[in-house]
Amino acid sequence: MAWSVLKRLAEIAAVLFVVSVGTFALVDLTPGDPAITVLGEGHTAEEYAALRDEMGLNDPFLVRYGSWLGSALHGDLGTSLIPPNSDVTERIAAALPVSAEVAVLGLAMALVVSIPLAMWSAYHADGRVDRIVGAGTFGILSVPSFLAGLLIIMVFSNQLGWFPRAEWVRLGESLGDNLHHAFLPALTIALAETAMFTRILRGDLITTLQEDFILAARAKGMSPVRVLFSDALRPSSFSLITLLGISLGRLIGSTVIVEYLFALPGMGTLIIGSADKGDFPMVQGAVLVVALIYVLANALIDLSYGYLDPRIRRAHV
Amino acid sequence: MSDIVELPDPAGSGPRPAGDARRPATRHLSLPGLGLAVPGIALAALAPAVLPAPGWVVFLAFAAGLALAYAGLARLGRGVFGGSFDLMFWLCLAWLVVVVLAAILAPVLPLGEYRDIAKTIDAPAMAPPSLFSEHPLGTNNFGLDLLARIIHGARASLLVSIGAVAIGMVVGGGIGILAGYFRRLTDTVTGVFTNSLLAVPPLILLIALGTVLEPNLRNIAIALSLLALPSMIRMARASTLTFAQREFVLAAKAMGASRWRVMGRELLPNVLLPLASYGMVIVSVLIVAEASLSFLGLGIQPPDPSWGNMIAEGEGNAFQDYPHIVLVPGVTLFLTVFAFNLIGEKARKRWDPRQAKL
């Protein structure tokens, strides 16, 4: 057990190392020059040379990477190139909760809708509802999230005026207002996730429902709802958990899009805005943090298999 | 027993072999199918042109007409081609053929101006779609023809996505076979490399590359191929691992085939099929990725059209007053992605050995 955990940790460390090198190397590959981004138009050659020296741009790649990684490990990701040259770590710390809230809310909405929907579809497999759900989810999966977001804005924000579009209220200020602002972004994220979860969980449930222990539970006279929730759900959730890991990438992607659409002050807006202006330290820091979260979340998901299925715990030893 | 079965059974009860029952059961579907399809198509075609009613009534009539036509055609198809006829599949295929042909033939088609706003000063701006006019799908705020822009956008979209899949298949397939065949260090290094690529969420990777690379078609295709690469490598590696154990590989080795010959002549043809069917599935993902990137302003740059940047034009107030700016490219994007998904799903069920067992 300890060996497999160590091996997994070494893998994670290797992956994070490669990602950090890749992220940092972005600057070297760039045709633009960070020094020019800072100076803007109209500067002398001496100023330019002095700034390059000061920013350490003349040092060899490994030296620069080493010092960047060294401070990154201490939680210092440098300062932004664009005025008001704010601290990258602070900006990320301010943006991250917004993205996290919208993503988690969207995921929760997706689970709340998809679990009962999948149960109904699986229990009445090939029935009318099942076929409509099957076709509907397949269709929803073909709608890109930015298109879904635009349509949702058109209907709920512009036509009906039920929800605001381009403001954001922090969670600390007012919970009600915060949820009111977060609802449409979360709904946009939830759409595609709901469709995916429903399809996968339905497939697994249909397999589980043919098992003997389900028959036994039914024979004892337990109600279908009780059987579905207490006996069938847990053994059917493996693919769902795996999928959660895979779809996390898509989830982060749609969160970025949704933040852009609804002008939320989250990580996506931060990354896109900085990418537009050539603010490299900001892009590097934000991408590194997102990758870190992504890798750790996937590792956690791997561990959760053992919790869901005791057989896997033993197999690892 | 058998002579009873062969007797005609006017009451319709009693056992009949399945093969016999199928033909008469489906043949009688043709006529009502035709009866449903013709008025359906007529309703769908005439509703937008003729009905003097508010927008949503026309839309409902149009949708009802389409539904009728679909039900009718599905029955007609089952009647003519047998019970396993899948109308949706053929419709999707037809749509893709139309899109691809239009994209290939775009320079010779009699289309309106798609790019140069200096030539469209006289053209109406924001003209709504009207099928029999000069601009069948309407114009944008510079008076550029939306049909022409959609078709030229399809060129960019398909070129970039299919190019990316091709790069992914060649590079990913190659690396995957090497890793699966040599194992040991090659495999470990490849594993860390693929995991690192997978460690950055796809859209974030694209945005990060978008900061660095000049946004032209070649660079976007290369950036997109990085999304396809990890899964291609993993699939090629997994298939190589299983095929390398098989007898025909052993036989080739026993006859003195070199390692490169085994990989090229024995393993490659077997690995290619699942890769190709996965390629069909991932094309739609890449089309969406390209559209998202262009929507965010980091992909194909205006005035060159792409479905993504066309949808971005309608963001904000334009969308409120002129929904067609968003809906025309949006529906095209949706239909194309849907068609690729449906056909890819069918291809995967058929050819992916891992799925076939399920």
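Residues numbered from 1 in each chain as written. Chains lettered and ligands numbered in written order. Predicted model: local features only at pLDDT ≥ 70, side-chain atom pairs only at ≥ 80, totals over all residues.

A word on the overall build of chain A
Part 1 of the reasoning: The number of helices and strands found in chain A is 14 helices and zero strands.
Part 2 of the reasoning: Secondary structure elements of chain A, listed N to C terminal, follow the sequence α-α-α-α-α-α-α-α-α-α-α-α-α-α.
Part 3 of the reasoning: When burial is assessed residue by residue, chain A has 35% of its 317 residues classed as buried. (Helix = DSSP H or I, 4+ residues; strand = E, 2+ residues; numbered from the N terminus. Buried ≥ 20, exposed ≤ 12 C-beta atoms within 10 Å, placed from the backbone.)

Considerations on the interface of chain A and chain B
Part 1 of the reasoning: On the side of chain B, 31 residues touch chain A, which itself brings 35 residues to the contact.
Part 2 of the reasoning: Counting only elements with at least two residues in the side of chain A that touches chain B, the list comes to α1 (2-29), α6 (128-141), α7 (145-159), α11 (238-262), α12 (267-277) and α13 (280-308) of chain A.
Part 3 of the reasoning: Considering every element that reaches the side of chain A that touches chain B, the biggest residue donor is α1 of chain A, with eight residues.
Part 4 of the reasoning: Tallied by class, residues from the side of chain A that touches chain B come to 26 nonpolar, eight polar and one charged. (Contact = placed C-beta atoms within 7 Å. Nonpolar A, V, L, I, M, F, W, Y, C, P; charged D, E, K, R; others polar.)

Focus: the domain arrangement of chain A
Residue and element names in this part refer to chain A.
Part 1 of the reasoning: Looking at the assigned domains, one finds that chain A contains domain 1 (13-73) and domain 2 (97-315).
Part 2 of the reasoning: The interface of domain 1 with domain 2 comprises twelve residues on the first partner and eight residues on the second.
Part 3 of the reasoning: Breaking the side of domain 1 that touches domain 2 down by element, the ones donating at least two residues are α1 and α2 (34-39).
Part 4 of the reasoning: Among the elements that line the side of domain 1 that touches domain 2, the one with the most residues is α1, at eight residues.
Part 5 of the reasoning: For the side of domain 1 that touches domain 2, a count of residues per class yields eight nonpolar, four polar and no charged. (Domains from an automatic or database assignment.)

Some remarks on the environment of Val88 of chain A
Residues and elements named next belong to chain A.
Part 1 of the reasoning: Inspection of the secondary structure puts Val88 in helix α5 (residues 88-123).
Part 2 of the reasoning: Residue class for Val88 comes out buried when judged on the 26 C-beta atoms lying within 10 Å of it.
Part 3 of the reasoning: Spatially, the C-alpha atom of Val88 lies 23 Å from that of Phe262, the residues being 174 residues apart in sequence.
Part 4 of the reasoning: Val88 has contacts with Leu77, Gly78, Thr79, Ser80, Pro281, Met282 and Gly285, leaving out every residue within four places of it along the chain.

Concerning the confidence of the model for chain A
Part 1 of the reasoning: In the predicted model, chain A carries a mean pLDDT of 77, and 83% of its residues have values of at least 70.
Part 2 of the reasoning: For chain A, helix α14 (residues 310-316) of chain A is the element with the lowest average pLDDT, namely 56, and α5 of chain A is the one with the highest, namely 85. (pLDDT = per-residue confidence, 0-100.)

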